[in-house]
Structures are given as structure tokens and as C-alpha cells.
Amino acid sequence: MKTWVKIVIGAVAALVVVVVMALVVLRVTIDPDAYRARIDAAVTDAIGREVDIDGPIRLSLLPWPSIRFGAVTVVNADGFGSQPLARIRAGHVTLRVLPLFTGHLRLGTLNIRGLDLALSRNANGQTNWQSIVHRLSAAAPAARPSPDGARSRHHTGLPLSSLKIGAVEISRADVRYDDDAHDRHYRLKGADLETGRISNGHPFRLEAGGDLSWPGSHMTAAVHLVSRIEPNVADRFYRFSGLSVNVLARGPAVPGGKQEANLGASGDLDLEAGRFGLDDVSLQADGLTITGNVDGTGLHDRLAYNGRITVAEFSPRSTLQQLELHPPKTQAAAALTSASFDAQFEGGAHVVHFKQIAAKLDKSTLSGTVNVRDFADPHYGFDLNLDTLDVDSYLPPGSAAQAQTSQPAQTGGGAAQKAAEFDLAPLHHLRMRGQLRIGSLTTANLNIHNALAQVSAADSVLRIAPLTADIYGGTLKLNGGVDASGPRPAYALSGHFRHVAIEPLLKDVADSDRLEGNADVAIDLHATGRQVAQLKRSLSGTAQFALNDGQINGFDLVGMLLAAHEQAHGKSARAASANGTTEFDHLGGRFTVDHGMASSDAFTIDAGPLTGGGEGQYSLKDNRLDYTLRLAVAQDAGQRLAPLAGLTVPMHLQGALLSPSYSIDIQKAAHTGSPDDGSTIQR
């Protein structure tokens, strides 16, 4: 064997003997408890918070030098109470000796058992850990120019960037987070954490888990996290990849008692530049798949971020079933079978703006923009376009047919349903302003096109002013509002309909073809109350209408008058034809509504040889008409009406608005003719 080889082997052997002997001497002569005060002071100086090691400190040399320590307490920040920020029941750390000779600090396994961590944010938004973060950040090595012009890091002692840890193991941890600024409180119990080898600039594996709960939620969530972390302490740059978070929620507040969700992502955090990024974000739960990404800057001054969020196509009906919730029964079997969402977003610390929105539900597509300002007391702004929406498709089966009748829906609610109050509590905190356009809308069988609604809400008041639309060949313009600021909510609706074709409207809404013509309607109504019955009883205001160039089908007014006249003269009365019609040039009236009762003395009709007016009442609550018409027959009424020429005949209408019964009193019309035995004919 060559001489130099023997020398090397001998030197190494001698070094090993020296190290072993030194360790033995250290173990025999050094008491670690004697350095307790120095250790406390060193850690206190490092984090800027008083640290107290209460338990014993023990030194072990084999198989690796290690230190075991007892209870360790880190005091809380000023103003956060007397409870410690952190308490460790016991711990153990091993130390690699040889790397110290090369200026590197290498630990073996750092084991912490029984960690209690109390994180807090006070009502002013200050946290009890921020000062520690600032202290450690200030202690990070600063970059300085090197002789060749490049920037290098200047280190003193054993810098954190030289630290290498074989593994970190934390068991039986209890972490509490109290956010008094937003009244949120969370607790993570029985938490465990394990890492692989931690070395600056090299990725390591992180695995953690525990049971998460929060007061009033009536649920707990078992959380398990796995990720790959790559720290670069000197550059204050951190990257993670392959993040996988599994959440299993249980409890009475969880649909079905148990639900599972999985979150995945990758990203990076550059504290030096104040930049962050999240990529390949994916959340999967109950048939939903949500993906997205976000990039941000200005972590140290002015936060700004942008990204995209996408909800892949899914079936809302199937998702509800997976949540063990009963999907609503709908008129259309295809309703709630397809939905998706996609949008880009950008924002800052107090605002977020969603743009290029593409939201789909079955055959409807919503596009436009939405913004939210001031997250603590949010204000919503929007400019949205909805191509088509059939509201009736989402109502219970039979709702469309029910809407065409004059009878209330039999929903089984009974007295309890009638007494139910409107929940207007959301209005008290709602702030928004925006506009919504709808290309085609079907609701209660009513077909509306090109609708535009200007909507605003503030101070417990919701306004829609105006709502404009094309409707059955005409137009509408309405202003409406709900004022929930007082003890009794108030409602208002005003506006007009112009040149609306009344026949197709009534056919769709009431399945009736009794009336034709072009209608002009103006309303100014208001009501108060928290129940439907209260609204009907309090409804007040004015309404007026005018129908031109139309006819009343199944209502032969001339035939009715002739039948009444023949019966009054003892002749066999011919029944008015059910297929007959009454044509008119004009039909109109003005109503005054007072607490649910509509009264009018300004009704007019111009139907060729017949003209007239009338007065009476209509009860909205009971859908009951009680109205008297006075029909004047022209002197030149023609051959058919010759027996009634010059008479003014009273006609009394009673019953439902669209299908009333009638009676004609020829006797009261006889004062212009002969005083015969007049009578009343009823139908």
C-alpha cells in the first residue's frame, strides 16, 4: 500500500477517535441545563418574543448527538391576552457534528410532541404572529454587490440558508385561530405533520392532517394534505407542487351526513418581489369540477391579481342527488340537467372584477361583467346579458296550467302558508347597482322580449327603475321598488303598457280568447305588509286602461239586449249566441284602488250603435266584479236594434273578472219608451 494512502487512513482514524473521545468528554462534563438561560435568550432574540424552556434538557451522544427538551412556551404578543402563543410539551432533535466544521448547520430529525398553537387576529386586523415574521425577515441575509458587479449574499455565523433538517415530525398538535375582525373561530385538533429532508434550494415532501371544526357549524372536517415544497430562504422564494388536499366533512349540517372534496394546485411565492401564483387549481366534489389559476403582485404595498375560474359542465340535478338532497320537481324534465361557468377576474385588496362571464343553465346563457367592492360591506355592480330564460320550466308540474286559472294554487301550505311572511332580511345589507338585459323571458306563461332592467339597492331599499321590454306587439315601461327600512315593508309599482295585443296575451296568461284589441294601460299602485293577504288588503293607487279596435268574443251584447227586450214583452226570448261577439271601437276606464278594492265611475264603451258608461267595484282579494253599465242605443241603430232605439239600458255584471254573469233591467230602460211590464233577464 502506498505511503500516502496509509497516511490518509491513519489521519481519518485518528480524527474519528478524537471526535468520539470529545463527545464522551462532553457527555460526562457538560450539563445542558446549565445553558438554559443562554438558549432562552438566543431564541428570544431570534424571534423577538420571550421564550421559556420549563422542562429538563438532556444530551445524548449515540447514535447521533441529540437534545431532548421538556415544556417550551412562547409568550403572546401584547394585547392578545395571557394565553401563550405556542406551547410544546416535549421535543427531540439530533445534530450532525461534522458539517459544523464546514460552516453548515445540519439537523437530523426534529420531533415535537403536543404542540398548542393559538393564532389570533384582533378587531383592528392585527395578528399575534406578524412581528415574528417581520423579525425573521429582517434577519435574512441581504444581497450586496460583488467585485464583478453581480449581487451576492452576505452571511454571518451560520445562516438559515445553510440549514438542513433530516425530517420534521409534529404529533398531537392543537391549533386555534380566532379572527375577531370577522367573528370567525377555527380549531384544528389532533394534527400531525411530517416532512422529508429539508434543505435550502431542494424540494421536500410535506404531509399533514387533522380534524377541523368551528363553533356553530355542527360539523367537523378531517383534512389531509400532501405537497412538495421547494424553499429558497436566501432569495425568499418558495415553490410548491403536487398539492393534494382531501377533506371529509361529517355532521348533521352536512348533506347526507358525510361529504368529500379534493383540492389540487401548484404555485410559488416570491416574498422578495412581492409576487405569488397559483396554477392548475382543481376542486372536485359531488360531480363538480372547478379549475382555475391566479397570479398576483404587490404583496408588500398594493395588491393586484388576475386569473380565471371555470366550472366544467355538470348536472345540477345529479349534484343535488349526490348531496342526498331531493331535486325540485319541475314542469320540464330537461330542467336542471346542464350547467357550466367560466370567467376571468382581476382585482386588489378591496375589489374584484369578473369579466367575460359565460354562465350556462340548460338552454340559457348569461354573459357580461360583475364587480364586488369593499368585501367587509360588499357593493355589487353588474352589466349582464341573458339570452333566454323560461322560468315556467323550473316551476312545479302543473304550475303553467294553474297560472291560467282564477283559482289559487293548491300547494298544501294551508293557513300556515298564507300566514308566512316575506323574508326581506337580505335587503338590509344589500348594496348593488347594475343592469340586466334579457332577450326572451317566459314567466307565468307570459312572453317578454328585449327586456332591460336597471336595478339598485341600498339602505334596505330595492329599486327597479326602469324595466322596459317588448310585449305582444307593444311595449312596457315600469318602475318598482321595495322599501324594507321601516317596521312594515312598502311596495310600489308604476308605469304603462302601450299598444299591447290583448288577445295573445290573455291566451298565454289565462287561456282565454274572450277579448281582442290593442291595449294601453297605466298603473300607479302601492301596498304594505309582510304577507300576501296584507298586500291585497293594503293595495291602493290608480289604474286606467283603453282598448281600441277590438271585440269581446262569446259576449253578444246586442243579442243580450234583444233577448231581454223580447222577454220583457212576453215573447219567447232567444238566447244570445255563445259564439257571438261584440265589436267595439273603444273600451276604457279608470279605477281608484283603496285597500284592495278597485272602484270606478269612468268606464266608457263605444261599440257602433251602442255607447255607454258605468260604475262599480272589483275586489282583488276575492276576484269579484260588481259593476253596472248603462248602454245607450242610438236612434239610428239599424233594423236589428230598432226595438231598442233611443233607450238607455242598465246591465249589471257580477262574478269573476274574465267570466262574469250578467243581468239586464229592461224595466228601468222603459222610461224612454212605453210603460210596459218591464222585467229583468239574468244570465
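**Q** Talk me through the overall build of the protein; I want residue IDs and the actual numbers.
**A** Helix and strand counts for the protein stand at nine helices and 36 strands. Evaluated residue by residue, the protein yields a buried proportion of 35% over its 683 residues. At a minimum sequence separation of 6, the contacts of the protein that also span at least 24 residues come to 48%. For the protein, the exposed surface amounts to about 38000 Å²; the carbon and sulfur share of it is 57%.

**Q** So, helix 7 (residues 502-510): which residues are in play, and what are the values?
**A** Given 3.6 residues per helical turn, the α-helix brings residues three or four places apart onto the same face. By the burial criterion, the buried members of helix 7 are Ile502, Leu505, Leu506 and Ala510. The buried residues of helix 7 occupy an angular sector of 95 degrees when the element is viewed end-on, so they sit on one face. Considering only its buried residues, helix 7 is in contact with strand 24 (446-458), strand 25 (461-471), strand 27 (490-501), strand 28 (515-528) and strand 29 (540-553). Asp511 occupies a position one or two residues after helix 7 and carries a positive phi of about 50 degrees.

**Q** Go over the pattern of salt bridges, please, and point to the residues and values.
**A** If you walk through the whole model with that rule in mind, you get 16 salt bridges. A salt bridge links Arg176 to Asp174, with the shortest nitrogen-to-oxygen separation between them at 3.9 Å. Asp174 gets classed as buried once you look at its relative accessible area, which sits at 12%. Measuring nitrogen to oxygen at the nearest pair gives 2.6 Å for the salt bridge that ties Asp268 to Arg275. Asp268 gets classed as buried once you look at its relative accessible area, which sits at 15%.

**Q** Residues and numbers for helix 9 (residues 557-568), please.
**A** Counted at 1.5 Å a residue, the expected span for helix 9 with its twelve residues is 16 Å, and the 17 Å between its end C-alpha atoms agrees. When you tally the buried positions in helix 9, you get eleven out of twelve residues, the bulk of the element. For helix 9, the full list of buried residues reads Leu557, Val558, Gly559, Met560, Leu561, Leu562, Ala563, Ala564, His565, Glu566 and Ala568. Of the residues one or two after helix 9, Gly570 is the one with positive phi, at around 75 degrees.

**Q** Which residues make up the pairing of strand 30 (residues 581-594), and what are the values?
**A** Bridge analysis of strand 29 against strand 30 gives twelve bridges, and the strand direction is antiparallel. Across the sheet, Ala546 pairs through a bridge with Gly588, a residue of strand 30. Relative to strand 31 (residues 597-607), strand 30 runs antiparallel, the two sharing six bridges. Across the sheet, the residue bridging to Leu587 is Ile605, located in strand 31. Counted between consecutive antiparallel strands, the loop separating strand 30 from strand 31 contains two residues, among which His595 sits at a positive phi close to 50 degrees.

**Q** An account of the packing of aromatic side chains is needed here, citing residue identities and associated values.
**A** For the structure on display, the rule yields nine aromatic pairs. Centroid distance Phe545 to Phe591: 6.2 Å. Interplanar angle 20 degrees. Geometry classified as stacked. Of this pair, Phe545 sits in strand 29 while Phe591 sits in strand 30, and the two are 46 residues apart along the sequence. For Phe545, a relative accessible area of 23% translates into the label partly exposed. Residue Phe591 is classed as buried on the basis of its relative accessible area of 18%. Taken together, a centroid distance of 6.5 Å and an interplanar angle of 75 degrees make the contact between Phe555 and Tyr662 edge-to-face. Of this pair, Phe555 sits in the loop between strand 29 and helix 9 while Tyr662 sits in strand 35 (residues 659-665), and the two are 107 residues apart along the sequence. Ring pairing ties together the aromatic residues Trp129, Tyr177, Tyr186 and Trp214, which thus form one cluster.

**Q** Describe the environment of Gly559, listing the residues and the values that go with them.
**A** Among the structural elements, Gly559 can be located in helix 9. On a C-alpha basis, the gap between Gly559 and Thr582 in space is 9.3 Å, while along the polypeptide they are 23 residues apart.

**Q** Describe the environment of Leu561, with residues and values.
**A** Relative to the assigned elements, Leu561 resides in helix 9. Along the backbone, Leu561 and Val649 are 88 residues apart, and their C-alpha atoms lie at a distance of 8.0 Å. In this structure, Leu561 is in contact with Leu610, Leu631, Leu644, Val649, Ile664 and Ile666, ignoring residues within four places of it in sequence.

**Q** Any chance you could break down a negative patch on the surface for me, citing the residues and the numbers?
**A** Side chains of Asp549, Glu583, Asp585 and Asp606 sit close together on the surface and give a patch of like negative charge. Glu583 gets classed as exposed once you look at its relative accessible area, which sits at 56%.

**Q** Explain the confidence of the model for the protein to me, and be specific about the residues and the numbers.
**A** With 82% of its residues at a pLDDT of 70 or more, the protein shows a mean pLDDT of 83. In this model, residues 142-158 is a region of pLDDT below 50 whose contacts with residues beyond four sequence positions or in other chains number 24 contacts. Here residues 406-414 is modelled with pLDDT under 50, and outside its nearest four sequence neighbours on either side it reaches five contacts, counting other chains as well.

**Q** I'd like to hear about the environment of Phe603, residue by residue, with values.
**A** Within the fold, Phe603 resides in strand 31. In the structure, Phe603 is positioned eleven residues away from Gly614 in sequence and 5.1 Å away in space, judged by C-alpha atoms. Phe603 has contacts with Phe545, Leu587, Gly588, Gly589, Gly612, Gly613, Gly614, Tyr627 and Leu629, leaving out every residue within four places of it along the chain.

**Q** Describe in detail the pairing of strand 35, supporting the description with residues and values.
**A** As judged from the six bridges shared by strand 34 (residues 648-656) and strand 35, these two strands associate in the antiparallel manner. Its bridge partner lying in strand 35, Ala656 is registered against Ser659. If you look at the hairpin formed by strand 34 and strand 35, you'll find two residues sitting between the two strands.

Thresholds, definitions, all that
- Residues numbered from 1 in each chain as written.
- Predicted model: local features only at pLDDT ≥ 70, side-chain atom pairs only at ≥ 80, totals over all residues.
- Heavy atoms only, no water.
- Helix = DSSP H or I, 4+ residues; strand = E, 2+ residues; numbered from the N terminus.
- Buried < 20%, exposed > 50% of the residue type's maximum accessible area, 1.4 Å probe, protein only.
- Contact = heavy atoms within 4.5 Å.
- Areas by Shrake-Rupley, 256 points an atom, 1.4 Å probe, with all protein chains shown as cover.
- Arc of directions from axis to C-beta.
- Salt bridge = Lys/Arg side-chain N within 4 Å of Asp/Glu carboxyl O.
- Expected span 1.5 Å × (residues − 1).
- Pairing = 2+ DSSP bridges.
- Phe/Tyr/Trp six-rings, centres within 6.5 Å; stacked < 30°, edge-to-face > 60°.
- Patch = residues over 30% accessible without salt bridge, like charges linked within 9 Å, V, L, I, M, F, W, Y side chains within 5 Å.
- Lys, Arg positive; Asp, Glu negative; His and termini not counted.
- Charge placed at Lys NZ, Arg CZ, Asp CG, Glu CD.
- pLDDT = per-residue confidence, 0-100.

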